[in-house]
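Listed below are the residues making up each chain.
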Amino acid sequence: MATSNVTSALAAITAATGVHVTLDEGALRVDGRPVSLPGKLTGERADLFGIEGLLPTVPRADDRDKLLWHVIAEASSEDAGEPLKDRVLEADLAERLGLGAEASRAAAAALLDRFFNRKPLRALLPVHASLPLNYGHTSRSGRWSRYRMFNGGILPFLLWDASEGKVAAEPVEELLSIAADSNELTSLDRRFLDVALRDAPARDAVPDAAKLIDRYEDQFKDDLGRVGGAFCQPSLDLFRRDLQTVLGTDLPRPDMIQWLTLLLSLHLTVRLYRIAVVKGGELDAAVAAAGQLDAPVGTGGCPCSSGGGRTECLQACALAGLLRFRTGSGRYRPVSTRDGCRSAYVEVDQRRLLDMPATLVTATLASRAWEALGGGDAAQRRDLTALVTALNTDSALRRTHGAACAAIAVLHHDAWHKGTATLGELENVARTGPNRPGLHALRDDVRKMRRRDLRHQSRDIVNQLVLDANVAGAGALITRNGTHGFYEIDEQLLVMLVRLICQDRQLPYEAFLKGLRAYGLAPQDDQERESLADALERLGLLARYSDAGEASFVHYA
């Protein structure tokens, strides 16, 4: 129900713009046309974020080692009831082994290192599929962990095949088959599983790819149909290729689980960055068009963001080369604010990624306003590039859309204050002018109201996925010197990137660098290009046939 302050603020918008804006029985009307808004203008609802096509859910930060766990757990072929608790197994393992006091302690220490991660609060790893099918993660107090990042649908989502209009099932089947295979288990592994599964609710259960896919495929089909396809389908195609590459790599079981976890972490991180950069740039261009201002440099769409094209187009994406990094040396090296790895981190992670939730919410609300004003299919797809064109060519739309956005800003602000916002606050929120169009006012209020939780759906997630202090395992992209974060690739991630880019071929060094751009990556400067080559040579991944750069080849050993 509208408060008198909201009604007065909307009347002020009408007086300032000449566009009749009212709230009629809870529904916003602009020039008599109803604007369909999300049910709630606060919180983390998927319809408010407009997440369809971008990600399967609105994520929050959590241990990256749980990514693969939930994929396997949700592929269960039977409903076996409440799972066992991993914390109980960890505490009782030595006693359960029954090998004698000293031998049990030694064996338990080795098994904990193999089957649990190395964080202060250990989490059971999906080294064998029977564990996710029978166990759940718990907190230090023994309560069930509240999973906040992604559910098991993340794998089917990343494996969406636009050409077939469905999830690519074969990689899911192969991954689950590898997770359920017992051939490479050692005798101690078998002892651990025998002990762990003694009272298990589904001891003989095996993961079923069809069950996992059926759980999510129809939802994804509907969501993607509404928005015209997945955001950046070429990046999903690249993930499918990379997953097949990892699954086809000869690795011991624990290393395979680490690589699969790192692969998911890398692609999710790059996808979040890509969304932040591309959608942030598109919204900047829309705000500029709304005020008939010069668009900031680098704004606008991305050639691969509409769903078409081959994976090669990723090398020309707006993200390509923005993640300038230095190569980890295994020892302390100072970092300066002038270094490319630091300035890139500030621009992409601290600015664009932090702003991503506000960008998505603003884009959703602005598109709802445009849809009410005749935006059609483009508005339903939240096509901001099309909105830019419409605003640049239609002065009447600029006026009515600006009034609608200012009105939505008023409703948004009042919702966050639970109906207690003052008239002065609401009038300030709705204030527009030559350099402050209604879309600018809306984005400004969304940013301010979400200031406390912006990082929860953006930077916190990436920090859990690839920050070296958090991952407690192989593969990191971000590190910190004190409070200064920057991009630095460690050896484990570098080795996997060589495998993904080179496959089974030798590539000239320049071609390898070009391949890195598909993941947004590039050495920070010419000196770092040489340092990267030296690191690859030290790892046995680069062969120099002469002193000339064109005679250096990268290969996976």
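The preceding data block contains the structure.
Here the structure is a predicted model, which is why all the values come from computation and not from measurement. (Residues numbered from 1 in each chain as written. Predicted model: local features only at pLDDT ≥ 70, side-chain atom pairs only at ≥ 80, totals over all residues. Heavy atoms only, no water.)

Focus: the overall build of the chain
Stage number 1. Counting secondary structure elements, the chain contains 22 helices and 14 strands.
Stage number 2. Taken over the C-alpha trace, the chain has a radius of gyration of 26 Å; the compact-globule value for 557 residues is 24 Å, and the two agree within 12%.
Stage number 3. Structurally, the chain occupies a C-alpha span of about 85 × 65 × 45 Å along its principal axes.
Stage number 4. Counting every position in the chain, which comprises 557 residues, the buried fraction comes to 54%.
Stage number 5. Carbon and sulfur atoms make up 47% of the accessible area of the chain, which amounts to about 23,100 Å² in all.
Stage number 6. Each charge class in the chain can be summarised by its mean position, and for the 67 positive and 73 negative side chains these summaries are 5 Å apart. (Helix = DSSP H or I, 4+ residues; strand = E, 2+ residues; numbered from the N terminus. Rg over C-alpha atoms; globule rule 2.2 N^0.38 Å. Buried < 20%, exposed > 50% of the residue type's maximum accessible area, 1.4 Å probe, protein only. Areas by Shrake-Rupley, 256 points an atom, 1.4 Å probe, with all protein chains shown as cover. Lys, Arg positive; Asp, Glu negative; His and termini not counted. Charge placed at Lys NZ, Arg CZ, Asp CG, Glu CD.)

Here we look at the sheet that holds strand β11 (residues 507–508)
Stage number 1. Ordered by their spatial adjacency, three strands build an open sheet running β11-β14-β13, and the pairing between neighbours is antiparallel. Of all the strands in the sheet, the pair left with one neighbour each is β11 and β13 (542–544).
Stage number 2. Sheet topology note: the β11/strand β14 (residues 552–554) ladder contains two bridges and is antiparallel. Note on β14: the bridge partner recorded for Pro508 is Phe553. (Pairing = 2+ DSSP bridges.)

Section: the packing of helix α10 (residues 233–247) against helix α11 (residues 253–290)
Stage number 1. Closest axis-to-axis distance for the α10/α11 pair is 10 Å, and the angle between their directions is 170 degrees. Taken together, the axes of α10 and α11 are roughly antiparallel relative to one another. Here α10 contributes Ser235, Leu236, Leu238, Phe239, Asp242, Leu243, Val246 and Leu247 to the contact with α11, which in turn contributes Met256, Trp259, Leu260, Leu263, Leu264, His267, Arg271 and Arg274.
Stage number 2. For the contact of α10 with α11, the per-class residue count stands at eleven nonpolar, two polar and three charged. (Axes fitted to C-alpha atoms, helices over the stretch in contact; angles between N-to-C directions. Parallel < 35°, antiparallel > 145°, perpendicular 65-115°, else oblique. Contact = heavy atoms within 4.5 Å. Nonpolar A, V, L, I, M, F, W, Y, C, P; charged D, E, K, R; others polar.)

A short note on the environment of Thr364
Stage number 1. Looking at where Thr364 falls in the secondary structure, it is placed in helix α12 (residues 340–372).
Stage number 2. On the accessibility criterion, Thr364 (3% relative accessible area) is buried.
Stage number 3. Taking the C-alpha atoms as reference points, Thr364 and Tyr519, separated by 155 residues in sequence, lie 27 Å from one another.
Stage number 4. When neighbours within four sequence positions are excluded, Thr364 is seen to be in contact with Asp47, Leu48, Phe49, Gly50 and Arg382.

Side note on the sheet that holds strand β8 (residues 323–327)
Stage number 1. Across the sheet, which stays open at both edges, the four strands sit in the order β9-β10-β8-β12 with mixed pairing between neighbours. Each having just a single partner strand, β9 (478–481) and β12 (521–523) make up the two edges of the open sheet. The sheet shows a mean angle of 55 degrees between the axes of neighbouring strands, direction not considered.
Stage number 2. Where β9 and strand β10 (residues 484–489) come together, four bridges link them in antiparallel fashion.

Describing the pattern of salt bridges
Side chains that differ in charge, positive against negative, can pair when their charged atoms come close.
Stage number 1. Applying the stated criterion across every chain, the model contains 36 salt bridges.
Stage number 2. Two residues, Asp223 and Arg226, come together in a salt bridge whose shortest N-O distance is 2.5 Å. Of this pair, Asp223 and Arg226 both sit in helix α9 (residues 209–227), separated by three residues, roughly a single helical turn.
Stage number 3. For Arg226, a relative accessible area of 46% puts it in the partly exposed group. (Salt bridge = Lys/Arg side-chain N within 4 Å of Asp/Glu carboxyl O.)

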